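# Understanding the architecture of this molecule
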Amino acid sequence: MQDQLSSKTTYAVATLGCKVNQADSEAISEQMSEAGYMQRDFSEIADVYIVNTCTVTHLGDRSSRQMISQARRRHPDALLVVTGCYAEMNPRAVASLPGVDLVVGNRGKDSLVNAIKEQYQSETKSRNHATESCSLTEDPEHSRVLPMLHLDTQHIGSDQSLPIDLTEPEPQPDNPSVIVGTDSTESANARLLSRTRVQMKVQDGCDNRCTYCIVPYVRGASRSRSIGAVVEHVRRKVRAGFQEIVLTGIHLGDYHPENDEKRDLGDLIATLLKETDIDRIRVSSLEPEDFRLEWLELWQNPRMCRHLHLPMQSGSDHILRRMARRYNSERYATIITTAKRLVPGIAISTDIITGFPGESDDDFEQTYQLATELQFAKAHIFRFSPRQGTAAARMKGQIKEEIKKARSERLLTLNDKHARLFRQQFLGETMQVAD
């Protein structure tokens, strides 16, 4: 098929959502380029558009639909491919969106490029025989039946229970410019074309069932790459000129390499520090229940970026239990205070959900007091919004929106104060970022 591609056949990728999706898009882009396609920015005209979607909230669903619509308007005759978590959760509804030619869930990403080749060849032939195929394209039944890869094995959610309503109200994040999981397409595209930092997915899937989270249902069970495979991948990126890798995963702290369950994320990092020459290693979000205090010794190495993202979600043990989180506030506080003591100047960021079902005034005050005590360098503040298909959406004790907003505003004010205090400690100092 590669020799049938024009040297000017182009593609563009739009990425929504988490760092794992960013890593997936980087891998897709690399494979597309190796297959003979030329990369373009998503804002430009391309022959193939790939939208890597998010479904962590209804906002992710809507943003995904907007990106699909943008691609269709930009070049109506382009091959429009939709993949990612939204495509996994609700493939038939995604396939019914105007202009969509191919829907591939997360489990089909490994064969995505081959599917695009086949579909692009088929679409090209169809356009070359437009007269012969005219009767098919006018058939409304035919137009709704779009090709999907292995639908029965991909699809985890229920199309019937997740209808698309284009007029549905969408919850807005309280600090969207920095919220992890709602990255702009422009910044995502810049990362895809960057030669400084690369996202590296070493783990995927999640075995937890936090009551507010849909992600385990669209990412599958936890699984990890072997340490040897990761080391070789990092070495290849170093040879290509990259200076920083970001280790990512859906449940990164649950990293256990293939055929060696006794080894963990600490072993992976230690091996990368010893056996590769990468200048900087950054670690994305880690769950508190997985974090081992002995890992902090690794952050003594200057090649480790002095940053940890550890979602707190709530400072109330009652609410943490309702969320099905596997730690309590005491353990969480111990991790943060120990990290600050052993790694001076470390930036610790977190996620906090306000207005979770059943959150009383006292529960919120416990959250506020713990955040006051721990002084995060950055806190991402989310107002709880029910995600259809999760247990929390069915819970009693849903909080009124005005109460969520008031609690969120208090935490945002606290966050601004602590963010300034964190930055002020570096005034007058020269800090090394990269060679």
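One structure accompanies this document, and this report is about it.

Here the focus is helix H11 (residues 227–239). With 13 residues, H11 extends 19 Å from end C-alpha to end C-alpha; this agrees with the ideal 18 Å at 1.5 Å per step. For H11, the full list of buried residues reads Ile 227, Val 230, Val 231, His 233, Val 234 and Lys 237. When H11 is viewed along its axis, its buried side chains cluster within an angular range of 165 degrees and face the same direction. Summarising the contacts, the buried residues of H11 are in contact with helix H1 (19–34), strand E6 (197–201), strand E9 (244–248) and helix H12 (265–275).

The next subject is helix H15 (residues 361–374). For an α-helix, 3.6 residues make a turn, and residues three or four places apart therefore share a direction. The terminal C-alpha atoms of H15 lie 20 Å apart, and with 14 residues this matches the ideal 20 Å at 1.5 Å per residue to within 8%. Taken as a whole, H15 has its buried residues at Asp 363, Phe 364, Thr 367, Tyr 368, Leu 370, Ala 371 and Leu 374. All buried residues of H15 lie within an arc of 165 degrees about the axis, which places them on one face of the element. Facing away from the buried surface of H15 by more than 90 degrees, the exposed residues are Asp 361 and Glu 373. In the core, the buried residues of H15 are packed alongside helix H13 (317–322), helix H14 (329–342), strand E12 (347–354) and helix H16 (401–424). Note on H15: the residue one or two positions beyond its end, Gln 375, has a positive phi of about 50 degrees.

According to the stated counting rule, one finds 8 aromatic pairs in the structure shown. Both rings, one in Phe 364 and one in Tyr 368, keep their centres 6.3 Å apart while their planes meet at 40 degrees; by these two values the pair is tilted. On the criterion of helical spacing, the pair formed by Phe 364 and Tyr 368 is a turn pair, its members being 4 residues apart in helix H15. The burial state of Phe 364 is the same as that of Tyr 368; both residues are buried. Ring geometry for Phe 422 versus Phe 426: centroids 5.2 Å apart, planes at 75 degrees, classification edge-to-face. Both residues of the pair, Phe 422 and Phe 426, belong to the buried class. Ring pairing ties together the aromatic residues Tyr 212, Phe 356 and Phe 384, which thus form one cluster.

So, on to the sheet that holds E9. One open sheet accounts for 3 strands, arranged E6-E9-E10; its pairing is parallel. Either end of the sheet is taken by a strand with one partner, and the two such strands are E6 and strand E10 (280–283). Adjacent strand axes in the sheet meet at a mean angle of 25 degrees, parallel and antiparallel pairs treated alike. Pairing between E6 and E9: 5 bridges, direction parallel. Looking at E9, one finds that Gln 199 is bridged to Val 246. Against the sheet, H11 makes contact with E6 and E9, and its axis sits at roughly 165 degrees relative to E6, the strand it touches most.

All right, on to unusual backbone geometry then. Positive phi values are uncommon outside glycine, yet Gln 313 reaches one of about 70 degrees. The topology assignment puts Gln 313 in the loop between strand E11 (307–309) and H13. Since its relative accessible area comes to 7%, Gln 313 is described here as buried. In this model, Ala 324 sits at a positive phi of 65 degrees, which is unusual for a non-glycine residue.

Rules and cut-offs
- Residues numbered from 1 in each chain as written.
- Predicted model: local features only at pLDDT ≥ 70, side-chain atom pairs only at ≥ 80, totals over all residues.
- Heavy atoms only, no water.
- Helix = DSSP H or I, 4+ residues; strand = E, 2+ residues; numbered from the N terminus.
- Expected span 1.5 Å × (residues − 1).
- Buried < 20%, exposed > 50% of the residue type's maximum accessible area, 1.4 Å probe, protein only.
- Arc of directions from axis to C-beta.
- Contact = heavy atoms within 4.5 Å.
- Phe/Tyr/Trp six-rings, centres within 6.5 Å; stacked < 30°, edge-to-face > 60°.
- Pairing = 2+ DSSP bridges.
- Axes fitted to C-alpha atoms, helices over the stretch in contact; angles between N-to-C directions.

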